[in-house]
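Spelled out, the chains give:
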Amino acid sequence: MSRRPLVAGNWKMFKTRAEARAFAETLAENLAQADGVDLAICPPFTSIDVVATVLQGTGVGVFGQTGHENENGAHTGEVSMGMLVDAGASGVLLGHSERRADCAETDQALARKVPAALVAGLTPVLCVGESEFERDSGSTKAILDVQVREGLSGVPKDRLGDVVVAYEPIWAIGTGKSARPEIAQEAHAWIREELRSLAGDTADSMRILYGGSVKPETAAELMALPDVDGALVGGAALDALSLLAIAAAARP
Ligand code: 13P
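Residues numbered from 1 in each chain as written. Predicted model: local features only at pLDDT ≥ 70, side-chain atom pairs only at ≥ 80, totals over all residues. Heavy atoms only, no water.

A short note on the side chain of Asn-10
Now for step 1: By the element assignment, Asn-10 lies in strand S1 (residues 6–10).
Now for step 2: Engagement of the side chain of Asn-10 in a polar contact is seen with the backbone nitrogen of Lys-12, the distance being 2.9 Å.
Now for step 3: The residues touching Asn-10, leaving out its near neighbours within four places in the chain, are Cys-42, Gln-65, Leu-93, His-96, Leu-232, Val-233, Gly-234 and Ala-237. (Helix = DSSP H or I, 4+ residues; strand = E, 2+ residues; numbered from the N terminus. Polar contact = N/O pair within 3.5 Å; in protein donor to acceptor, adjacent residues only side chain to side chain. Contact = heavy atoms within 4.5 Å.)

Structure follows, in C-alpha cells:
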C-alpha cells in the first residue's frame, strides 16, 4: 500500500507574524523541492492567518497546535476547532507530549478533541509516544496501545481513515537523539497493528508520522522505513529550506 508522505513543521512557541510571513514566502518559492509530498506548517495561533494567506493555493496545509473540543464557551485562553478553520487552518495537532505535560491534555480529553476536529473539517494529527522511563521499563507497546485506542475512541469507524497519527518518543524530542531506525519501525508497526484492530484494512491507508529530532541529514533513513509515512518536525522546521530538505528526503 503506497501512502503519500506528509511532512509537518511544528513551530511550537516560535516566530512573530513577520517571521512567519518570511518563512511562508521562502517556502512558497521553493515548493518544487517537495514534489510528491504533502506539507503542513503548524504555527502558533497568532500566525495561522498570515501563513494561510501567503500559502493559499499552494496545497500546503496550515495546522493548529491544539484545539478545544467545545464550539465555544467560557474557556479562557482556548481556541475551538471552528475558530482554527476560520483563521485558515486545515488540520490540528492533538495530544502533543508538551500539551500532555504542560496542559494536562489527557487521553479522555483527546477522545473528545479528535472527533471535534473531524466534525469541524480539520485533519487531526493524534500525537503519541512514550517517556524514557516507560521505554526502559518495557511498557512502550502498552503505552502506545492505550494512547491510540483511547485517543481514537470517539471517532466513528468510517472516519478513522481521515486521522493521522504521529509517533513522537518523548526522549527523542528536542534532544538531538532521534530514534534508531529499527526502534522507529518497531513502534510504527505496533501502532499500525493497533489501528488495524480499530479500523481493519483502513489502517493500511492511514499515515503514521515520526517525530523527534528529525534533521535533513537523518531524514532519509527514517523516511525509507516501511511504516513511516512522513515526519513531524520541531527545531529543524523553523527554517523553510531545512524543512524542504526533510520533505525531499521523504519523496517516494
Ligand atoms: P524536534 O524536532 O525539535 O525534536 O521536535 C519534535 C516535535 O516535538 C515535533 O512536534
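Let us keep going from here.
Things to note about the sheet that holds strand S5 (residues 123–128)
Now for step 1: Sheet architecture is closed into a barrel: eight strands sit in the order S1-S2-S3-S4-S5-S6-S7-S8, paired in parallel fashion. Within this sheet the neighbouring strands show an average axis-to-axis angle of 25 degrees, counted without direction.
Now for step 2: Relative to strand S6 (residues 164–167), S5 runs parallel, the two sharing four bridges. Considered in S6, the bridge of Cys-127 is made with Ala-166.
Now for step 3: Together, S5 and S6 form the strand contacts of helix H7 (residues 140–151), whose direction differs from that of S5 by roughly 155 degrees.
Now for step 4: Along the sheet face, helix H8 (residues 181–199) touches S5, S6 and strand S7 (208–211) and points at about 145 degrees away from the line of S7. (Pairing = 2+ DSSP bridges. Axes fitted to C-alpha atoms, helices over the stretch in contact; angles between N-to-C directions.)

Description of unusual backbone geometry
Now for step 1: At Lys-15, a residue that is not glycine, the phi angle is positive and equals roughly 85 degrees.
Now for step 2: Within the secondary structure, Lys-15 sits in the loop between S1 and helix H1 (17–29).
Now for step 3: Although it is not a glycine, Ala-104 adopts a positive phi angle of roughly 50 degrees.
Now for step 4: Within the element layout of this structure, Ala-104 appears in the loop between helix H4 (97–103) and helix H5 (107–120).
Now for step 5: A relative accessible area of 55% means that Ala-104 is categorised as exposed. (Buried < 20%, exposed > 50% of the residue type's maximum accessible area, 1.4 Å probe, protein only.)

What about the side chain of Thr-140?
Now for step 1: Note that Thr-140 resides in helix H7.
Now for step 2: When its relative accessible area of 4% is taken as the criterion, Thr-140 is described as buried.

Focus on the packing of H7 against H8
Now for step 1: Close contact between H7 and H8 brings their axes to 10 Å; oriented N to C, the two are set at 40 degrees. The angle between the axes of H7 and H8 places the two elements in the oblique class. Between H7 and H8 the crossing geometry is right-handed. On the side of H7, the interface is formed by Thr-140, Lys-141, Leu-144, Asp-145, Val-148 and Arg-149, while H8 contributes Ala-187, Trp-190, Ile-191, Glu-193, Glu-194, Leu-195 and Leu-198. (Parallel < 35°, antiparallel > 145°, perpendicular 65-115°, else oblique. Left-handed = near helix turned anticlockwise from the far one by under 90°.)

Looking at the packing of H5 against H7
Now for step 1: Two numbers describe how H5 lies on H7: the axes approach to 8 Å, and their chain directions differ by 40 degrees. Classified by the interaxial angle, the pair formed by H5 and H7 is oblique. In this structure, H5 contributes Asp-107, Gln-108, Leu-110, Ala-111 and Val-114 to the contact, and H7 contributes Val-146, Gln-147, Glu-150 and Gly-151.
Now for step 2: Across the contact of H5 with H7, the residue classes tally to four nonpolar, three polar and two charged. (Nonpolar A, V, L, I, M, F, W, Y, C, P; charged D, E, K, R; others polar.)

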